[in-house]
Structure formats: structure tokens, C-alpha cells
Amino acid sequence: MKSLILTLLLISSFHFVTSTKRLEDLSEKELRALITIIKEEYSFSVNEKVDYAEDSNENIQVNPNDHVDIQSSNKLNNNIQVDPNDHVDIALWNKLNDQDIKNMPEIKDYADEATATRWLEWYLRVTQRFSQIGNSLEYDYLTNITTENAKKISDQSLLQTPFGRQTLPIAKEFNKYMKNSKNKDLKLIFGRLATGTMSHNDKDVKRVSKLSSDLESIYGTATVCELNDKKTCHTIEPYLERLMETEKDYDRLLWAWKGWHDECGNKVRPVYLEYVDLLNKNVKENGYDSLADNWIEDYEMGNSTEFENTVDQILKDIMPLYTELHAYVRGRLCSMYPNRFDCHGPIPAHLLGNMWAQQWHDRLNDVLPYPDAPPINLTLLLQKKKFSVHDLYTTSEDFFTSIGLYPMTPKFWARSMFEKPKDRDVVCHAAAFDLGYHDDYRAKVCTEVNDDYFYTIHHEMGHIEYYMAYAEGQPFVYRDGANSAFHEAIGDTIGMYAISPAHLVKLGFVDKEAINQHYEINYLMRLALQKVAFAPFAYVMDKYRFLLFRDKIDRKHELNTMWWALRIEHGGIMAAAARTDKVNFDPGAKYHVPSNVPYMRYFLANILQFQFYRGLCRIKGQTTKLHLCDIYGNKEAGQKFKEMLAMGSSKPWSQVLQSLTGETKVESKAVLDFFEPLYKWLKAENLARAYPVGWM
């Protein structure tokens, strides 16, 4: 997980994440020396398809000895202990940085590569310490929302802002010469440094820090009270999210939906608008047209027009599948809720099993194609087997170690937040953290024993596997995802394997004989409700914000209307209740808006994960019926996966993708091929049921 502190608080947000070759392969003596220094410096110790066969389960190949021993793999790590003093000493780190900053290397010639290398070594040493401090303060605040912790973040941002102001102009000056260097790595690293942004207004820096903390606090502490009992109030996690997933009563769902969007979104509105204005002001002062263009640059997929054309085309490719899925789900829901909404129009957002109607799989039982072959109720099974929260994590860890990836570190087990604490306010939104110091990786999840968290834990642990892979062999400058979408795609790839029928057979959760043609369609439907349904939502999240950042939304008359216009146009989803532009701000009820996290990374990850999934299955030797593929225990696939993860950001993302899949572009074909059997079924079923397709 990238540190939000450096980005959100207008601290030096330099990007140096891509290269055409590994640093350790450089021919220049100086840069080889630089990497050696970096590696040594930061290791010292101081106190984030296919057609169906007649026999539908012939593609599931299970070795009778190839299974997960739940009893042995889920042993508790209760006795794990770590040194309580083995953590970042913030005061010491700031003191060391203060000393280093006063001793910046002398620069006599910006064109001299040896000088550039020495300066870069100095810059990275300071930057890594600031990064470690930022990661630590961010985790502390999100797991304990207090005024004191918020002030620590604000104070730190003000303390390190002068460093950014000092170094950004120097990096830009170096880049004037390094951009013509024959050394591709110096050229690219300084190219990244020169694209950073920095505020020169201390008042703005302090204000942005305050607004950022306020937004996190609003989301983490907002509650919805019962209509007839104002003393009984609920936060988004776990109560409201669980209610949206399990409740069937139309009016009860409407109460929860309206309550959350009013209590959170409306309160976020004034704070967020001021926050966005300050962020936009800053990026414009640094040469960008808007915050949208600053975000888009991070993906390295061309300029803003080229990038948006790419994502537009991807969504266009997926829409035939999505519209058939939408028509089928709407038709089934119309039967459940007669006369409640137009059966030819958009679906009300509160009826799809999710507060934001972003994923619909919790309504699977209500739209199940074949009731005679119901998929496993994983939640009930986990509870029947008496799985604990800890068991969910050790089961996930076992998947990764079975393919040759890393076990979790002692600090992970000792310092993660696995459940929602009762004694303080926290931000429950699941996240993984790389504190960047001595194998300190953590998860922050308000875990419950159910199917959603079974998937989520595999996803978050996937982030940590990525952290560990590139930390093992890459210097600090390349310890990041190939681009921001890769990190999300890695976690989701493993999450898909975790719930695949073949893997559930290996877990002993499903009998192999139960996997027939009807079961497969049911499984594909379940995954489509999660993955295909998500695409338009993820697309709109940033399309809306791009318009807002570019001042193309009339804030008085269409601030909220535009959100729902886009949700209807691209996804056929409508507001559950009457809304007004005067007070409502429904996008603000989604965590990633107040936390200012770009969302196209999730849209692209939703595509990339199918490319990764297909690539790993091909390595295993399976090229048909990919929905029945499982790589558990396959060390060859794991090794190729690990090699890709270990590249970090040391190569362009297209080369990283190619190393695993043979492909160099994000493309929708892997998604469409995976769901081809379901697409054919949906078209036939919608025709047979006379369900209308479309909503405009």
C-alpha cells in the first residue's frame, strides 16, 4: 500500500517507479555503487472459456494426497513475540534526517552523472526515513482515530515540507541534463523525480493535513441510528455492510442506504470540496492542468486522452456481457419486489447486496440459475467447522506458501489489527501495510468469519506477498508495484483461486462429484456478480472525480446529480431515494473518495487479474475451463509469479506483465473468454424469460 501521507498531505510526492532494466544490471560504475550504498545503508538496525464437456468435472484434477490439512495448517501463532523496541524511532529518524539535509552533496555540474548519483543516494536515504515515518503515523491514526494522532501527522508534514521544497527544483534541474543521458536508469529516475509536486504555502500544507484527517474521521466514526431508538446507532463496518449483504426487506435496506449516504456523504461534502480545491491548486502550481492529469500520469499509459480512450474501450468491450447480467438480475429482483421499480429501467442501488451497489454477489441466492446445484455456503461452512478469525489468516498463508511464496512475518502476527477493537474508533476499510522497516508488514481488517472476509484476507495478504517479494531484491527506489493497478490485481488473482471450485475441493469443502454443468454456471454467475458488475462502478468513480477536478461539474446544480447520471448511463444503477444537489454528496459515502484514493487502479486491476489468472493456469498446463483451475501446491506457477512480483517497479509495467502472460497490454479478452459460457447462458435465459436488455 502506497503511503497516503506523502500524497495526501502535499509532502514531496516524487515518483521514481519505472525503469527499462534492473539497477543492479547497470554498466555505469557510479550507479552500481549507488545501489550498493542504498542496499547497505537501509539494512542497519536502529532502536501496503470454453465449451462444456459431457463430464463437467473431468477438468478438475485432484491428487488424493494434494489437499489442505486444515487442522495442521491452522495452528495458532499465539506464542509469537517481537521486540517492542524494534520499530521506527520517529524522533531519531527526524534527527538523522535533519543532519543529512544540512549536508546535501555539493553540486558543481548538473550534467555530471557522478554528481547526480551522489545526490540521488543522499536524497533516497532521507526520503526512505520520511517514508517509514509516514507509514508508521498513518497506520497508528487509521487504527486509533484521535486528535493526538492526527496532530502527529500534521506536525510531521510541516516538518518535512522544507525538504521537498529544497529538492524538487534540484531534481528538475538535474532532469534537464539526465533526460538526454545514455544511462536509461538515471534518465528515468530523474524523470520521475521531476514530476513531483510541492506546495510552497505552509498554511495550505497544514490545512490539507487537517482536512485529510477530518475526512478519515468522518468516514470512520459516522453512524446511522435506528428510527425508533436513537441510542442504538451503527457504523459502516461491520453492522451496516453486513445488513446490506443479508437483509431482504426493501424498506429496511432503504433505511440503511439512505442513512449512511446522508450521515457520511453529506458530512464529507463541505470538507472534501475544500480539500479538492487545495489539492488542485497545488498540482496546477506544479504544472498540471488538474489533479486528474496528475493521477493519470501515475499509470504510465500515455497522456490523459490516450489513457481515457483505453479505459473507455475496455468498458465498451465488457458492456455486452454486463448488460445481459444486468437484465437477468433486474428481472429476478423485479419478481422479488413487484411494483417497487421500473423493470425496464435502472436498478435501485440498495437492492444489490452492497452499500454502493459495486458488487452484487451477496444476492446470488436470489438470482441463482440452478437451485438444484447450489454453490457452497462458505459462511455457514466456516462457522460449522468452527473457524476462528485467526484460522482465516493461516488458511490464506498456507495457499501462498504452497506455491513457494512467503510465510507472514512475526511482526505481521503481532502487530496487525485483525478485528475491530471495542475501545477506540478505527477505519475498518481493509488494507495492507508495508511499514518499510525490518519486515514490518501488517493488515488492518475488521474481520468476521464469513465468505467475504475469506476472499478479502487472501486479497490483502496478496499485497503483503508483493511487498515481501520486491523488498527481497530491490532497492528502495524500486519497491513498489509495476503500476498502482498491479498491486490490486495481485491480491484479486489469489482471491479468485481461493474461492474456485477446484480449490474448495482441495480444502475438503466441496465434493468433486458435485461439480457439474449446473454448478459451473452457478459459480460463474457468482463471480460475474462480483467482477463484471464491478467494472462500471469502478469506471464511474474516477470519471466523476476527473470531471470534478477539471471544474466541469456545476457544484450548485449537479454535484450529486452528475454522480447518478454517470451511474445510470454506464451501469444502469439509480439512487435508492430522492436526492438533492443542495445537501447530498453520495460519492462521499464511498471510502475512497474522502480518503482520496484513485480508483482507476481497481478498474484496471479488475481486468489484469484475469490476465494473471490465465497466465498462471497456462504455466500449470491448463488452457480450457479456466474457472476450474487451481494453482495450490504448484511450485512452477508460484516461481513464475514470484519472479514477476520481485521485479517491483524496476521495469515498465508492460514488461512485467509480459514476463508472466506474454502480453504487453491491459485488454478485456481474458475476462470475456473466462465468462463466455455464462454470456451464452445469459443471452438464452433472458430471451426465454422475455427480460428486456438495457435501461435507457
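Just above, that's the structure.
In short, a report on the structure. Here the structure is a predicted model, which means the values were calculated and not measured.

1. Observations regarding the nonpolar core
Here comes step 1: If you look at the biggest cluster of nonpolar residues, it comprises 223 residues, and the most contacted ones within it are Trp260 and Phe675.
Here comes step 2: Among the elements that take part in this core, helix α10 (residues 250-285) stands out by supplying 16 residues, more than any other.
Here comes step 3: For this core, the two domains that each supply at least three residues are domain 1 (88-195) and domain 2 (210-375 + 523-599).
Here comes step 4: The residues contacting Trp260, other than those within four sequence positions of it, are Tyr219, Ala222, Val224, Ile236, Leu240, Gly265, Met355, Trp356 and Ala589.

2. Structural notes on the environment of Ile236
Here comes step 1: By the secondary structure assignment, Ile236 is in helix α9 (residues 236-246).
Here comes step 2: Since its relative accessible area comes to 4%, Ile236 is described here as buried.
Here comes step 3: Taking the C-alpha atoms as reference, Ile236 lies 8.4 Å from Cys428; in sequence the two are 192 residues apart.
Here comes step 4: Not counting the four nearest positions on each side in its chain, Ile236 is found in contact with Tyr219, Ala222, Glu241, Trp260, Met355 and Trp356.

3. Describing the side chain of His361
Here comes step 1: Mapped onto the fold, His361 is located in the loop between β3 (347-348) and α13 (364-367).
Here comes step 2: Overall, His361 belongs to the buried group, its relative accessible area being 10%.
Here comes step 3: At a separation of 3.0 Å, a polar atom in the side chain of His361 contacts the side chain of Asp452.

4. Quick notes on the pattern of salt bridges
Here comes step 1: Counted under the stated rule, the structure contains 39 salt bridges.
Here comes step 2: Here Asp492 and Lys531 are joined by a salt bridge, their closest N and O atoms 3.9 Å apart. Separated by 39 residues along the polypeptide, Asp492 in helix α18 (residues 484-498) and Lys531 in helix α20 (residues 517-531) bring together distant segments of the chain.
Here comes step 3: Of the charged contacts in the structure, one is a salt bridge between Arg689 and Glu685, with a shortest N-O distance of 2.8 Å. Of this pair, Arg689 and Glu685 both sit in helix α27 (residues 676-689), 4 residues apart, roughly one helical turn.
Here comes step 4: Each of Asp293, Glu308, Asp312, Lys543 and Arg550 takes part in salt bridges that share partners, so that together they form one network.

Cut-offs applied
- Residues numbered from 1 in each chain as written.
- Predicted model: local features only at pLDDT ≥ 70, side-chain atom pairs only at ≥ 80, totals over all residues.
- Heavy atoms only, no water.
- Core = buried A, V, L, I, M, F, W, Y, C linked by side-chain atoms within 4.5 Å.
- Buried < 20%, exposed > 50% of the residue type's maximum accessible area, 1.4 Å probe, protein only.
- Helix = DSSP H or I, 4+ residues; strand = E, 2+ residues; numbered from the N terminus.
- Domains from an automatic or database assignment.
- Contact = heavy atoms within 4.5 Å.
- Polar contact = N/O pair within 3.5 Å; in protein donor to acceptor, adjacent residues only side chain to side chain.
- Salt bridge = Lys/Arg side-chain N within 4 Å of Asp/Glu carboxyl O.

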